[in-house]
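# Residue-level structure breakdown
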Amino acid sequence: MHEVMSLEEVEKILEDTKEAIEYQKQIDDLLAGCLKEEDEDAVLAELETLTQHFFLPPGQGEDTALSELPTDPPPAAPEGGTEIKTEREMLVA
């Protein structure tokens with residue numbers, strides 16, 4: 001095994017694994033509802049900002065970064081089958 005990996009590589013893998021376990025524990029704590037009050041306040045404030053920015057209709061509040069969805073129906077499918085043309089065939093046609 002020593003021929004495949006050096007001691008430094010093994011130590012790096014162990015350190016990376018330890019950091020990943022600590023990070024996963026932080027995520028688990030957040031998901032389990034172990035937020036401190038100030039953390040919860042910050043999360044709620046960020047949620048409010050995001051919902052105001054992305055979900056208000058245009059003209060209300062801040063300008064939205066999302067465009068409005070089209071209301072026109074999609075074009076009808078061509079009659080006579082569903083032949084798929086290559087990009088080159090479409091350019092020639």
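Cut-offs used in this document
- Residues numbered from 1 in each chain as written.
- Predicted model: local features only at pLDDT ≥ 70, side-chain atom pairs only at ≥ 80, totals over all residues.
- Heavy atoms only, no water.
- Helix = DSSP H or I, 4+ residues; strand = E, 2+ residues; numbered from the N terminus.
- Buried < 20%, exposed > 50% of the residue type's maximum accessible area, 1.4 Å probe, protein only.
- Areas by Shrake-Rupley, 256 points an atom, 1.4 Å probe, with all protein chains shown as cover.
- Salt bridge = Lys/Arg side-chain N within 4 Å of Asp/Glu carboxyl O.
- Expected span 1.5 Å × (residues − 1).
- Patch = residues over 30% accessible without salt bridge, like charges linked within 9 Å, V, L, I, M, F, W, Y side chains within 5 Å.
- Lys, Arg positive; Asp, Glu negative; His and termini not counted.
- Charge placed at Lys NZ, Arg CZ, Asp CG, Glu CD.

### A closer look at the overall build of the protein chain
The number of helices and strands found in the protein chain is 3 helices and 0 strands. Along the protein chain, helices (α) and strands (β) appear in the sequence α-α-α when read from the amino end. Here the protein chain holds 93 residues, and the buried ones make up 0% of them. In the structure as shown, the protein chain presents an accessible area of about 9300 Å², 59% of it carried by carbon and sulfur atoms.

### Some remarks on the pattern of salt bridges
Throughout the structure, instances matching the rule amount to 1 salt bridge. The residue K12 makes a salt bridge to D16 at a minimum N-O spacing of 3.1 Å. Here K12 and its partner D16 are both found in helix α1 (residues 7-31), 4 residues apart, which amounts to about one turn of the helix. By relative accessible area, D16 is classed as partly exposed at 35%.

### Considerations on α1
Between its first and last C-alpha atoms α1 spans 36 Å; for 25 residues at 1.5 Å apiece the expected length is 36 Å, and the two agree. Downstream of α1 by a residue or two, G33 has a phi angle that is positive, lying close to 85 degrees.

### A word on a negative patch on the surface
Among the surface-exposed residues, E37, E38, D39, E40 and D41 lie close enough to one another that they form a single negatively charged patch. A relative accessible area of 52% means that E38 is categorised as exposed.

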